[in-house]
Structures are given as C-alpha cells and as structure tokens.
Amino acid sequence: MKKVILLIILIVIDFIYYWCFQRIFADNFLLCIVIFIGLLVGWGVNLVYILRSNGIFQKIILFVFVGSYIIFKFSGCIDIIKFNMYQEKREEIVKMIVTGKLKKDDKKDTVNLPVSYEKFSDGGEVVMLDSDEKIMVGFWENRGFLNSGMDLYVYSENNSEDELIYRLKKCWWYLEQIKIKEIEKNWFYIKAQ
C-alpha cells in the first residue's frame, strides 16, 4: 500500500510539473531542473520498488498503472484537457479582438493580454495570423527553447488547414514540420518545428 501511495504522489507531482512546465521554465530555470532531476530519481526509485515487490500480481498492477499514466501523458490527452479548460476564456479573448477591445501591436503581429487573461497564452500574448478578412488567433502553449519547436492552439474563422499552414509559414519561414490537428470547428492544435 505504501508503494501505491508513493506512486500516486509521484504521478500527481509529475502531472502538475508537466501542466505548469512553461511557467516554471520561464520564471525559474534552476527550479525546473531541480524538479526534473527529482522526478527522474522518484521514477527510478519507484521502478526499483515495483521490481522488488513480492507478488507478481502486484507487479502487474503497478506496471499497468504506470504504463497507463505514461500513455495518457504522451498521447496528447493533457493538451485536450487544457484546451477544454481554457476554451471559454480563449473565446472571450477572440471576441475582444474582433470587437476591438484588444488591439494588435503595430510593430509585431501580437496582442498583449490583460493581466487576468495572461495564463491562457504563454507569455501573456497571442499571435495574429490573419488572412485578408478572416481572423486567426494563436494561443501559445509552448514557444519552444532554441530549436525545440512550438505548440499553439489556433482559432481560425475560415477553418482551413491549408490557409493556416500558409499563414504559419509566412510568419515563421523556417518551419520544416507542421502538424495540425483539428480539435473542433474553428479550433486547431499546432505542433511545429
């Protein structure tokens, strides 16, 4: 029972770290590294605990539990949960842009968000990928580090993947790989490098 409780605590810490990674990374890089190393040690210790457990049934249950979490974490489920949790506020931001309450920066194609909305896009700003008369607003999930790529949720009025790829390449000409997943009508999840 002690092993299961430790495993659950580790999974909760890992989930929170993954959820808040961008904010932790931007605010305190050293803390990010310390937490990452702590999680690696924690996962290693738990793996040893699982392998040393007496019963084969207990090993199977723990491996299935850990395997399920790893599949959940890396299959994109957390991104879908984040999208659903923040969708309403992001739609409010789109409406504020459409009605002119939020204005695009003249020098960049970005809109700085009010303080109460900053957490809905990494860095507290959204990127405008507008086509001629259609609005495209990109909400940063991950701006990337060095050459690690970027992730963003995009609201697109015209709901066209081809137009979206064109706009992304126009803003970031160096992108080699762009993966687009339509989440629902007018909403896309973009992973690009």
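Reference entry: report on the structure contained in this document. (Residues numbered from 1 in each chain as written. Predicted model: local features only at pLDDT ≥ 70, side-chain atom pairs only at ≥ 80, totals over all residues. Heavy atoms only, no water.)

1. Side note on the pattern of salt bridges
Here is the rule: A side-chain nitrogen of Lys or Arg and a carboxyl oxygen of Asp or Glu constitute a salt bridge if their distance falls within 4 Å. Segments assigned H or I by DSSP are reported as helices when at least four residues long, segments assigned E as strands when at least two residues long, and all are numbered from the N terminus. Note on classification: 1.4 Å probe, protein chains only; a residue is buried when its accessible area is under 20% of the maximum for its type, exposed when over 50%, partly exposed between these limits.
Taken as a whole and assessed by the stated rule, the structure comprises 5 salt bridges. Of the charged contacts, one joins Lys82 and Glu141 as a salt bridge, the two residues approaching to 2.5 Å between their closest N and O atoms. Residue Lys82 is found in helix H4 (residues 77-99), and its partner Glu141 is found in strand E3 (residues 136-142); the two are separated by 59 residues along the sequence. Grouping residues by exposure puts Lys82 and Glu141 together as buried. As a salt-bridge pair, Glu141 and Arg90 come within 3.8 Å of each other at their nearest N and O atoms. Separated by 51 residues along the polypeptide, Glu141 in strand E3 and Arg90 in helix H4 bring together distant segments of the chain. What makes Glu141 buried here is its relative accessible area of 12%. Here Arg90 falls in the buried class, since its relative accessible area comes to 1%. Through salt bridges that share partners, Lys82, Arg90 and Glu141 make up one connected network.

2. Some details on the pairing of E3
What counts, and what does not: Two strands are said to pair when DSSP picks up at least two bridges between them.
Burial runs high along E3: 7 of the 7 residues are buried. Across 3 bridges, the pairing between strand E2 (residues 125-128) and E3 is antiparallel. Bridging from a neighbouring strand, Val126 pairs with Phe139 of E3. One ladder, built from 6 bridges, connects E3 with strand E4 (residues 150-156); its direction is antiparallel. Each residue of the ladder has a partner; that of Gly138, found in E4, is Val154.

3. Focus on the sheet that holds E2
Selection rule: Axis definition: a line fit to C-alpha positions, over the contact stretch in the case of helices; interaxial angles, taken between N-to-C directions, run 0 to 180 degrees. Any pair of residues with heavy atoms lying within 4.5 Å of one another is described as a contacting pair.
Read across the sheet, 6 strands follow the order E1-E2-E3-E4-E6-E5 without closing on themselves; strand pairing throughout is antiparallel. Each having just a single partner strand, strand E1 (110-112) and strand E5 (178-184) make up the two edges of the open sheet. Strand-to-strand twist in this sheet, taken as the mean axis angle between neighbours without regard to direction, amounts to 30°. Contacting E1, E2, E3, E4, E5 and strand E6 (187-192), H4 runs over the sheet at an angle of about 140° to E3.

4. A short note on the packing of aromatic side chains
Operational definition: Classification of ring pairs rests on two measures: the distance between centres of Phe, Tyr or Trp rings, Trp counted by its six-membered ring, which must be within 6.5 Å, and the angle between planes, read as stacked under 30 degrees, edge-to-face over 60 and tilted in between.
Applying the stated criterion across every chain, the model contains 9 aromatic pairs. On the numbers, 5.1 Å between centres and 80° between planes, the contact of Tyr86 with Phe120 is edge-to-face. Here Phe120 lies in the loop between E1 and E2 and Tyr86 lies in helix H4, a separation of 34 residues in the sequence. Since its relative accessible area comes to 5%, Phe120 is described here as buried. With a centroid separation of 5.9 Å and an interplanar angle of 35°, the aromatic rings of Phe139 and Trp187 are classed as tilted. Residue Phe139 is located in strand E3, and its partner Trp187 is located in strand E6; the two are separated by 48 residues in the primary sequence. Classification of Trp187 by relative accessible area gives buried; the value is 1%. Feature note: the residues Phe83, Phe139, Tyr153, Tyr155, Trp187 and Tyr189 constitute an aromatic cluster, connected by ring pairs.

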